[in-house]
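# Survey of secondary and tertiary structure
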Amino acid sequence: MRCVIYESYYLDNLCLVRIKYNLIGYYGRMKGYCYPDFIAKPILFTKKIVFAEQILSVLNKIEPGISSSKGVVYYEMQMPIFLKAQMNLSQKRIDAKQAKTEFKKSIVCLQKSMEHLKYNSKETYGNQLYIGAQDTLKQLKKFVK
């Protein structure tokens, strides 16, 4: 029981949550950690997804309901889920049915992101993500069909 409390503390520590929040923004954008680099280091897909899930776990406790932060995290989460599934499908690690399930998870993340971001005022980062997410959602749905 002592280890569970100890691990929980580190998952819920707000300083670490903030660091993970920043990291998921960097993964996919920083030199050496761009999406093409993820192909050489597929563990980065998993890291980004796990960090996002851990952040959402904490945000659901401290920011129940609509939250711009949750919207950004869901947005950051949808792309690695999609790309990881696409890569695994092309390398025949998963079949088309499993890939479609993962693609749908990506769509759900994007829809959840939009639910949170649609209330952001114009000219904010959240609103820019919301506008971009609308086109991305159309493309993802078309791709999955």
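Our structure's up above, just so we're on the same page.
Values in this document were obtained by computation on a predicted structure and should not be read as measured data.

The N-to-C vectors of helix α4 (residues 43–62) and helix α5 (residues 68–90) enclose an angle of 150°; their axes lie 9 Å apart at closest approach. One element, α4, and the other, α5, form an angle in the roughly antiparallel class. When the axes of α4 and α5 are compared, the crossing they make is left-handed. Residue-level inspection shows Phe45, Thr46, Lys48, Ile49, Ala52, Glu53, Ile55, Leu56, Leu59 and Asn60 of α4 in contact with α5, the latter providing Ser69, Lys70, Val73, Tyr74, Glu76, Met77, Pro80, Ile81, Leu83, Lys84 and Met87.

Even without being a glycine, Lys92 presents a positive backbone phi close to 60°. Among the secondary structure elements, Lys92 is positioned in the loop between α5 and α6 (96–117). Exposure remark for Lys92: the relative accessible area of 73% places this residue in the exposed category. If you check the backbone angles, Glu123 has positive phi at about 70° while not being a glycine. Checked against the element boundaries, Glu123 lands in the loop between α6 and α7 (125–144).

Let us now look at the environment of Ile107. The topology assignment puts Ile107 in helix α6. Of the residues examined, Ile107 reaches a relative accessible area of 9% and is grouped as buried. Distance from Ile107 to Met79, taken between C-alpha atoms, is 9.3 Å for residues 28 residues apart in sequence. For Ile107, the contacting residues outside a window of four places in its chain are Leu137, Leu140, Lys141 and Val144.

Below, the discussion takes up the pattern of salt bridges. A full pass over the atoms with the stated rule returns three salt bridges. Two residues, Lys48 and Glu76, come together in a salt bridge whose shortest N-O distance is 2.8 Å. With Lys48 in helix α4 and Glu76 in helix α5, this residue pair connects regions lying 28 residues apart in the sequence. Between Glu102 and Lys105 there is a salt bridge, with its nearest N and O atoms 3.0 Å apart. A residue pair is termed a helical-turn pair when its members lie 3 or 4 positions apart in one helix, as Glu102 and Lys105 do in helix α6 at three residues. Connected through shared salt-bridge partners, Arg29, Lys48 and Glu76 make up one network.

What counts, and at which threshold
Residues numbered from 1 in each chain as written. Predicted model: local features only at pLDDT ≥ 70, side-chain atom pairs only at ≥ 80, totals over all residues. Heavy atoms only, no water. Axes fitted to C-alpha atoms, helices over the stretch in contact; angles between N-to-C directions. Helix = DSSP H or I, 4+ residues; strand = E, 2+ residues; numbered from the N terminus. Parallel < 35°, antiparallel > 145°, perpendicular 65-115°, else oblique. Left-handed = near helix turned anticlockwise from the far one by under 90°. Contact = heavy atoms within 4.5 Å. Buried < 20%, exposed > 50% of the residue type's maximum accessible area, 1.4 Å probe, protein only. Salt bridge = Lys/Arg side-chain N within 4 Å of Asp/Glu carboxyl O.

These values are about where atoms sit, not about what they do.
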